[in-house]
Structure formats: C-alpha cells, structure tokens
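Each chain is listed here by its residues.
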Amino acid sequence: MTSIFVAGHRGMVGSAIVRQLQAQGGCNVITRTHAELDLTDQAAVQRFFATEQIDQVYLAAAKVGGIHANNTYPAEFIYENLMMECNLIHSAHLAGVQKLLLLGSSCIYPRNAQQPMREDALLTGVLESTNEPYAIAKIAGIKLCESYNRQYGRDYRSVMPTNLYGQNDNFHPENSHVIPALMRRFHEAVQAGQAEVTIWGSGKPMREFLHVDDMAAASVFVMNLDDATYQANTRPMLSHINVGTGVDCTIRELAETLARVTGFTGKLVFDASKPDGTPRKLMDVSRLQALGWQASIGLEEGLRDTYQWFVENQQTFRGSLVV
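Residues numbered from 1 in each chain as written. Predicted model: local features only at pLDDT ≥ 70, side-chain atom pairs only at ≥ 80, totals over all residues. Heavy atoms only, no water.

Please set out the overall build of the chain residue by residue, giving values where relevant.
Broken down by element type, the chain carries 11 helices and 13 strands. Against the compact-globule benchmark of 20 Å for 323 residues, the chain has a radius of gyration of 19 Å, which places it among compact chains. Its C-alpha atoms put the chain at 60 × 40 × 35 Å along the principal axes. Relative to its full complement of 323 residues, the chain shows a buried share of 52%. (Helix = DSSP H or I, 4+ residues; strand = E, 2+ residues; numbered from the N terminus. Rg over C-alpha atoms; globule rule 2.2 N^0.38 Å. Buried < 20%, exposed > 50% of the residue type's maximum accessible area, 1.4 Å probe, protein only.)

What follows is the structure, given as structure tokens:
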C-alpha cells in the first residue's frame, strides 16, 4: 500500500486532498499537526522523513492570506513558505522519496502577464507588489522541484492553482481571501439586518475561482500521471501545470453572486480607496486539459456548497463568528 504524506492536512487544500485520497482508497495517508511537526524546523523534518516510510508527498502546507495579510506580514510570508518548501523537498530527497507534488499559486505570474496566463509567462515580468514575497517563495518551490529532478532524477511536480475556495477556508475578517471575507461579511450583514455591505476596491478586477474539491482532484490526477505523459506535456525547467476553470468574473459579479447565495438584499458599496490588486488573473489551463482533466464544479454551485458548510461550521474555524 502506498504511504502518502499530506503536509498541511488541516488547511483548505490539504484537507481536500486527504478527502480525495481516502475516497479513492488503496493508500495509507500520513498527517502531522503543527504541534507534532514544525515544518520550518529542518532537523525535525529530516527526523520525520528518516523514521517514516513515505512513498509520496503532497506539499500543501503554506502561509497564505489575502491582500491585507500579504501587505502586513511580508517577512513571515516569504520566510515561512521558503523554509517549509526547502525542508520538505530536501528531506524527502534525502529519504529517497521519489514522488512529490508542490502546490503553488497563480500569483507567481507577472502583474501584467498576457491573459489568460500561460505557464511560460513565469519570470517574464514584474510581480504584483502586494504579494511579491509570497510569489517569490512559490517560484523558488517550483525551481527546487525542477533542480532536484535535473540533478537527482526525482519526480517532483508542481501545480499552480487559481484562486481557491471551499470547505475549511480561512474566514478571518481581515486576513482571508476575497470569497471567505465577503461570504462572512454578507452573512453578518444578513444576521444584523444591515442595509449595505462595503467591498474593497472598485469591483472591476477580474478573478478566476476554483472549488477546492476540484483542486484536490486535479492534484491527485497530476501526481498519478505516468512519466511519459507528464514529460511529453512539460519541459524540465518549465514543468509546472496551471489548474483552474479557464473562466473568470469581476469582483462585482462575484459579490452579486454571494449576495444571492447568502440572501443579502441590500446595497453593495465599492470602496475605491482600497487596493484592487492585479487587474486580471485568468489561467490558461490548456496544458492540463490536454492531459485529460478539467474542472467540474460551477462557481455558484460551489459557493452554495461552501456557504452551507460555513453556516454549519462557523464556530469551529479561526476567527469564529459571534452572531
């Protein structure tokens, strides 16, 4: 039976990968909490790999957040993500682990990259300043995987998801991404009977959103691709694969959809004094589609599923609500 370590299993993506693997069966899923294993501690990570018999690693652990969090904690975002990637990838190699999948982010691409963003846009321009430290760390992770492949013949792959949402997201009122932040804001507005909801920015930026269960399915799909197929569709130093829907919408359209989902009927107010971030972020997913995978969960369907989970679990996650 294949033993698979999912780093970051309590996070949104990691927990979805665990659910996906357990549903498929035929594997032994290994997890560790932060209290059990600090992934920024090199010696501890090396001891873990030396004592566990691990065949595959899903590197879903990361320090993540929205514009506010990236602007407020840039040092932590670059340091912690670099340390986790370096420790996990190098320790996996030392322990003889042949297969590893790194989960990155669409923010690796230049701020003004041609849309939709193809994999070969990497390192062709200036990054979005609000999340540059995080992006640099994720780019380094890609290059770590490619370097161990080149020098040691490892099979370390990378997938770059678009904006994700779903079960086990972070719904903190300030440090979360746009969907959980707005979902919580709309929910609280409905509970309080508020007449309007204020949304950061102009509402004009365009974003693509992928349900985390689709991301988990894509991750397992890419990990299990046979070597010949994977190598035929990638290049040694351009090996990462975009994961998304290939469809985007404006933040205004997203807010209007969330209003429907949460039952908010008041006024939407857009605060243009707040930063918009990157004007548009749409992934070119033709490489992944050519490999035989595409997303299956539509945005409104996914938002309704997420909101149902949110309402049922609002007292169990970080920044739990008081309503």
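Read on for the rest.
Which residues make up the packing of aromatic side chains, and what values do they have?
Enumeration according to the criterion identifies 9 aromatic pairs in this entry. Centroid distance F48 to F49: 5.3 Å. Interplanar angle 80°. Geometry classified as edge-to-face. According to the relative accessible area criterion, F48 is buried, its value standing at 6%. Judged by relative accessible area, F49 falls into the buried class, the value being 3%. (Phe/Tyr/Trp six-rings, centres within 6.5 Å; stacked < 30°, edge-to-face > 60°.)

Give a description of the sheet that holds strand β11 (residues 249-250) that names residues and reports values.
The 3 strands are arranged β11-β8-β13 in an open sheet whose pairing can be described as mixed. Because the sheet does not close on itself, it has two edges, and the strands there are β11 and β13 (280-281). Across 2 bridges, the pairing between strand β8 (residues 206-207) and β11 is antiparallel. Residue pairing across strands places R207 opposite C249, the latter belonging to β11. (Pairing = 2+ DSSP bridges.)

Please set out the sheet that holds strand β1 (residues 2-7) residue by residue, giving values where relevant.
An order of β2-β1-β3-β4-β5-β10 is seen for the 6 strands of this open sheet, with the pairing classed as parallel. Only two strands of the sheet have a single neighbouring strand rather than two, namely β2 (27-30) and β10 (241-243). The average angle at which neighbouring strand axes cross in this sheet is 20°, direction not considered. Relative to strand β4 (residues 99-103), strand β3 (residues 56-59) runs parallel, the two being bridged by 4 bridges. If you follow Y58 over to β4, its bridge partner there is L101. The strands that helix α1 (residues 12-24) touches are β1, β2, β3 and β4; relative to β1, the one it contacts most, it runs at about 160°. (Axes fitted to C-alpha atoms, helices over the stretch in contact; angles between N-to-C directions. Contact = heavy atoms within 4.5 Å.)

Kindly report on the pattern of salt bridges, identifying the contributing residues and their values.
Counted under the stated rule, the structure contains 13 salt bridges. The partner of R280 in a salt bridge is D248, and the shortest N-O contact between them spans 2.7 Å. Here the residue R280 occupies a position in strand β13, and D248 occupies one in the loop between β10 and β11, the gap between them amounting to 32 residues. Assessed through its relative accessible area of 18%, D248 is described here as buried. In the salt-bridge network here, residues are joined through shared partners; they are K99, D155, R157 and D227. (Salt bridge = Lys/Arg side-chain N within 4 Å of Asp/Glu carboxyl O.)

Please provide a residue-by-residue account of the pairing of β3, values included.
Along β3, one buried face is formed by Q56 and Y58 and the opposite face, lined by V57 and L59, is buried too. Note: β1 against β3, 4 bridges, orientation parallel. Looking at β3, one finds that I4 is bridged to Q56.

An account of helix α11 (residues 299-313) is requested, with residue identities and associated values reported.
Between the first and last C-alpha of α11 there are 21 Å, a value that for 15 residues agrees with the 21 Å anticipated at 1.5 Å per step. All buried positions along α11 are accounted for by G302, L303, T306, Y307, W309 and F310. For α11, the arc enclosing every buried residue in end-on projection is 165°, short of the 170-degree limit, so these residues lie on one face. Away from its buried face, by an angle of more than 90 degrees, α11 presents the exposed residues E301 and E312. The secondary structure elements touched by the buried residues of α11 are β6 (163-165), α6 (178-192), β9 (209-211) and α9 (251-262). (Expected span 1.5 Å × (residues − 1). Arc of directions from axis to C-beta.)

Kindly report on the packing of α9 against α11, identifying the contributing residues and their values.
Two elements in contact, α9 and α11, have axes separated by 10 Å at closest approach and are oriented at 45°. Classified by the interaxial angle, the pair formed by α9 and α11 is oblique. Here α9 runs over α11; the crossing is right-handed. Facing α9, whose interface residues are L254, T257, L258, R260, V261 and T262, α11 presents L299, E300, L303, R304 and Y307. In terms of residue class, the contact of α9 with α11 is built from 6 nonpolar, 2 polar and 3 charged. (Parallel < 35°, antiparallel > 145°, perpendicular 65-115°, else oblique. Left-handed = near helix turned anticlockwise from the far one by under 90°. Nonpolar A, V, L, I, M, F, W, Y, C, P; charged D, E, K, R; others polar.)

Before we move on, can you summarise the state of the cysteines with the specific residues and values?
Applying the stated criterion to the full structure yields 0 disulfides. With no disulfide of its own, C86 lies closest to C145 among cysteine sulfurs, the gap being 11 Å. Assessed through its relative accessible area of 35%, C86 is described here as partly exposed. No disulfide involves C249; its sulfur sits 19 Å from the nearest other cysteine sulfur, which is in C107. (Disulfide = S-S within 2.5 Å.)

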